[in-house]
Each structure stands twice: as structure tokens, then as C-alpha cells.
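# What the coordinates show
Here is how the chains run, residue by residue.
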Amino acid sequence: MFAIIRFVEGLLFAHAFLLASYILGASILWPRERADSSATAMMRVVCTMAFGISSYGLMLFVLGLAGFFTLPFMAVSFVAIVIAGGLVRKQSPFRLQYWRVRCADLAQCWDLPFLFAYYCMLGLAVVAVLPDPGSDAVLYHLAYAEDWARAGKLVVDPFLRYPFYASNYTLFFAALLAGHGGSFVNFLTWVGAFLTGFGVCASARAFLQTTLGYRWAAVAALALMFSVVLSPAFVHWLASAFIDVPLGAFALCSVLCLQLALIERDRRWLWAFAVTAGFLVGMKAAFLALLPVFVVAAFAAARTLRTGTRQVLGVLGLLCVCAMPWYARNLILAGDPFPPIGNIALYGDDAFMRKTEWDIIQQDLLTSRSAQAFVTLPVRAFMQATSHADFRDYGTSALIMLLFVPIVIVLLEWFFLGRYRADAAAVSALILAGFIGYWFGTSTFLRYGLLLTPTLAVCLAASVAPLLRNVPVRALTVLFALATIVPTPGSGVYLQQTYDRYKALPDYYTNEDAFLRVFEPGYVEEEFTAAVLRKYGIRGRVYAFGGGNFGASYYFRRNGLVNIGDWVGSGSYFRLAMAIDTHQAIQYFNDLHVGAVEIDNDALGGLGVPLKEQLLAAGFCALRVPGTQSQLLVRFRGPCRDLAAP
């Protein structure tokens, strides 16, 4: 019953979030005429929601920067944007007609295929029920969010891996935590999946129905949608606070805005593109590399629409302004707009991170980048998805094997048919090419590939649609689209295990604490540490050293503690290892204001043993964590015999 209640609560939250984003986006955007089809109407709704999320995300950044990152200010800013947008558009939100227009827009986009897609997306939401049991998202994204929510502003934590990270979507995690909604963070990931599913289905239908007809196009579009949202990699990363699914959603919505501008011959969608694409660039520090791609795509679309120079410059300027806040903040705080990892990659040096630390990280991230690896990339991604050297995931769908097809079709049309116009298919393929270059040039993990698979699906539909004008190919086209759903060989086992796991949710997910005690490495240590420090009033940061304690940052912060045990940064294990070797461990912890240290006895090749000896010699007191192999060493002012477990 607990799992079912949590599922219903999460869906209510997610739908409220989507509706609020639509209201905000629609209040800023212009009134529109009735769409030509339900597919185009759904494209508008998806883009309006993405635009609303992007606009409010940028407002959250301003609130965090100003120190007003609290629920009252968030609510007031939302209402102010809606009212101001309505007044500027001369559509007061205090009038009934204002809401009738928006309800009519939402009602217009629904038909039987979209209702079917909706219920399928509800089924996928089941994977968002469980709390994250200790992935990197818990160590970083949610730990950031917890710090911001508690501080009521954006703060730099020098003990996390990327202290100068561009983190637009994490702002929403922080806003949710500020409202004590930590149980629903995974449903924010599902929001990205929702936008992805409906964006792919709507765009594919809009293009395919021009040559295939309504029914055939609907089936083919649904197949393309399922090839994205049912791929093992998508399902795998939907169940956590990782932002790879939302990254793909906003990349897709950026493309859809340009498609709408070109399909409807409406330049105003270029402004929505600028905000949405700018928000995407601010979601991940390395996405600054995508900004030139978006600039070129926006310029090409604007020139096709015969947009005036002043308006083109305005769109490009807005794109850059929306993309730059995090990088400008980093420039002010650190004198450098790039994160440490970027400086080392570019220049081989950074004042914050050591080159030896980066080399070890790079060895973990490095994938094949030869010409042969590039040419065979689609086939290898499908057939060798579990390869630790390149892809490291459970699998993808056959859609990935068509990775280069939209680009090849556009190029062939350009060179052999003389179609040099930057139409929707060409502009979409241009952005897809940029995404492919980014993926191949950084790391080809399938998780990172979620950035481009939704865009690949809509590019495929846009480029293939004009070639399907002959009636006999309709059934063949639908069968071909259905074939794109086929998962990586062997990944069916993972999908079956996932299905069985969530089918049994009501039996084993009886409450959050019991689940985390079983499945979250280090959760017992986290709760024990928090209880000891509260009981004896011990202050200072906690350093979790190795083993199951490694993934504890968010859950420590939820207890009001800060865990700084990590592989890089000021709390680096590399530097700690050197301090232990030189018998300077106490000074190391004094510099970091550490009040307690958790040690896994088997951590890092036995380094935990000499560390414990040095701490005990310096006056730390030790407690064994019940039911684990870990010990807690604390700075206790009284005799150690007076220290007892709570």
C-alpha cells in the first residue's frame, strides 16, 4: 500500500509541475491560432512546457544568487511571471477567458494515439517510485540541491567533485527539497521522460502524416517513441536523480522549437528556442561546447524565415545570455568560467584539481575515438552495449543503428537534388550532427547517448517523410519503425528483471527507511553517525572513508551533516593517502574542520588501518557501527569510555 500511495502522490506532483510549467510558458508566449492537427498542437504544448520550465529555472538561478531561494520567494516569482506575462499580452489571468483559451489549447492536442502514449508513460513512472539507493546522483546532484535548499542560496561546496558545475536542472531538485518533497525527486526525472515521449511522438506524427496519412503515421510515431523510452538505457536512468533523461528532453525540445518555427513559418518560436537551448547549455558544464551548434542552427532557421538582422541578433543574444549565467558566476567567484575538469582537459593544469587526479578520472571516462570507432559507432552501440571500454550499459534500441541516416539523407538531397534550403529536416540534422560529435568527442557511454536518441528519432521522421509519398510503402514503413524498438541482444533479461522488480513493489517497499537500510550502501552508517553527533553535540564535517560509505553525501546532508569523503577536490582520497604516508592525517582533517571520520576496515588497500591508528593517537574515540564492518571515530572532549552508541 505504501508503494501505491507514493506512486499516486508522485504522479500528482509531476502533473502539477507540468501544468504549472505550461501555465507559466503560455503566459509569456503569444496567443496562437488553432493548430492544423493534434500532432502540431501537442508539439506546441511540449515546447511551451519546456519553455516554461526553462524560464522558471533561470528565475530560480536569480533567486539563488540573490539569497532568496525559499518557498515564499519561489511562489511569488511564479505568480509575478504569470501575471506580468498575461498583462503584457493583454490577457489578464484574472479573467475567465484567459483560462478558457489555455484549456482549449490543452484539449486540442489529445486524441486516441496520444492517450495511448499517455498511459504508457504512466506505466514508466513506476520506476520513479523508489528512492535512489546511492548512485553518483546522490553523491553530487542531490547533495548540491540539499546544500542550496538548506542555505536558501547558491553556495559553493569545495568538497564535491565539481564545485563550479553548471546545474540548471538541479535547481528544481533544490526547490523540491526546500519544500520537503525529497521523496519525489525521481518524478522530476520522469517529467523529462514525459516531455521526451510526447515530443518524439508529436514531431514524428507531424512529419509522417503529410505523406503516410493519419493512422499509419500515428503507429509509426508511437513506434519511434517506444524505441526511445523503452530502450534499456532510458529505463535504467529514469529511476534516479541522474539528469541524462532531462538532458535529452531539453535537447529535443530545442529542436522542436526550430521545427515549429519552420513548419508554421512563425519566427516567434525562435525566441522560445533561444531560452530552451540556453537552459540546456546551463544544465551541464561541458555543454558550452554545444553553444556554437545552436547558434548556427538558429541563424540558419532565421535566414530561411527571412528574419531581419536585428531580430536574428536578438535571438542569438538571448540564446547566449540564457546559456551564460553559471559560467559568468564561475568567472566572478573563481576568476575562470570553466570548471577544473575543463581547464585540465584544455590546458593540462588547474589550481583546484591536480593533474594526477584528472588522469585517473580520464582513464575511467576514455572511450575509443579512432576513425573506425566513429564509423562503426551505431552498430557497436547496439551490439556491444555492455562493453566496459565504450558503452557501459544494459542496452539500447535498434534506433541507434540509424544514427547517421538523417544526416546522410539531408546531404544527398543537398548534393544530388539541389535542395539547399535550411528546412526543418536539415536544421534538425545539423543539431543531431553536433550532438553526435559531442558524444563521440567526450565519452560514448550510453547514458551520455540519451542526449541524442530523442533527437535522432524526430530527425529520422523529418528526413524520411518526404520519401514516403507512394502508397505501397506505408505498411513497410510502419514495420520498419516497429523494428527500431528491438532492444540490444541480451538486454531483454534486464528489462524482465526490471519489470519483475517493480511488479513486486508493494511487497518489499513498505517504507523508505527500511528500503534504504537494505539497498543503500552506507545508510546504516549515515544514520548511526547522525545519531551519535546529535547525542553528544559534536560539530564539524564528516569524512566517509571508503567502502559502502562512499555514496552518502545526500543522506548525510538530509541529517544536517556534510560528508566530504570523495575522490577529488579538497577532500580528495589522493591527498589523504599522501597525508597518511607522511603521518600528517590529523593536520589534514584539522584543515578541513572534520569532527568525525567513518572508516571501512577494508578501504583502499588497507589505508584505513594506519589512518585509524593516527586518529586514535591524536585523541579521537572509536565506536563500531552495529551490523557493519565500519567504525566511527569522533572528536570527543571527554574520556572515550563515556562515549556510547545511542
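That block above? That's the structure.
Since we're looking at a predicted model, the values are computed, not measured.

With mixed pairing, four strands are arranged side by side in an open sheet as S1-S2-S4-S3. Lying at the two open borders of the sheet, with one neighbouring strand each, are strand S1 (541-545) and strand S3 (621-624). Each strand axis lies, on average, 20° off the axis of its neighbour in the sheet, ignoring direction. Where helix H29 (residues 523-536) meets the sheet, its contacts fall on S1, strand S2 (594-600), S3 and strand S4 (630-634), and the angle it forms with S4 comes to roughly 25°.

Throughout the structure, instances matching the rule amount to eleven salt bridges. The residue Glu9 makes a salt bridge to Arg6 at a minimum N-O spacing of 3.5 Å. Of this pair, Glu9 and Arg6 both sit in helix H1 (residues 2-28), separated by three residues, roughly a single helical turn. According to the relative accessible area criterion, Arg6 is buried, its value standing at 11%. Between Arg44 and Glu264 there is a salt bridge, with the nearest N and O atoms lying 3.0 Å from each other. With Arg44 in helix H2 (residues 38-66) and Glu264 in the loop between helix H12 (244-263) and helix H13 (269-281), this pair connects stretches of sequence that are 220 residues apart. On the basis of relative accessibility, which here comes to 11%, the residue Arg44 falls in the buried class. Assessed through its relative accessible area of 23%, Glu264 is described here as partly exposed.

Attention now goes to unusual backbone geometry. Here His180, not a glycine, exhibits a phi torsion of approximately 60°, which is positive. Even without being glycine, His583 reaches a positive phi, approximately 60°. Under the relative-accessibility criterion, His583 is labelled exposed at 62%.

About the thresholds
Residues numbered from 1 in each chain as written. Predicted model: local features only at pLDDT ≥ 70, side-chain atom pairs only at ≥ 80, totals over all residues. Heavy atoms only, no water. Pairing = 2+ DSSP bridges. Helix = DSSP H or I, 4+ residues; strand = E, 2+ residues; numbered from the N terminus. Axes fitted to C-alpha atoms, helices over the stretch in contact; angles between N-to-C directions. Contact = heavy atoms within 4.5 Å. Salt bridge = Lys/Arg side-chain N within 4 Å of Asp/Glu carboxyl O. Buried < 20%, exposed > 50% of the residue type's maximum accessible area, 1.4 Å probe, protein only.

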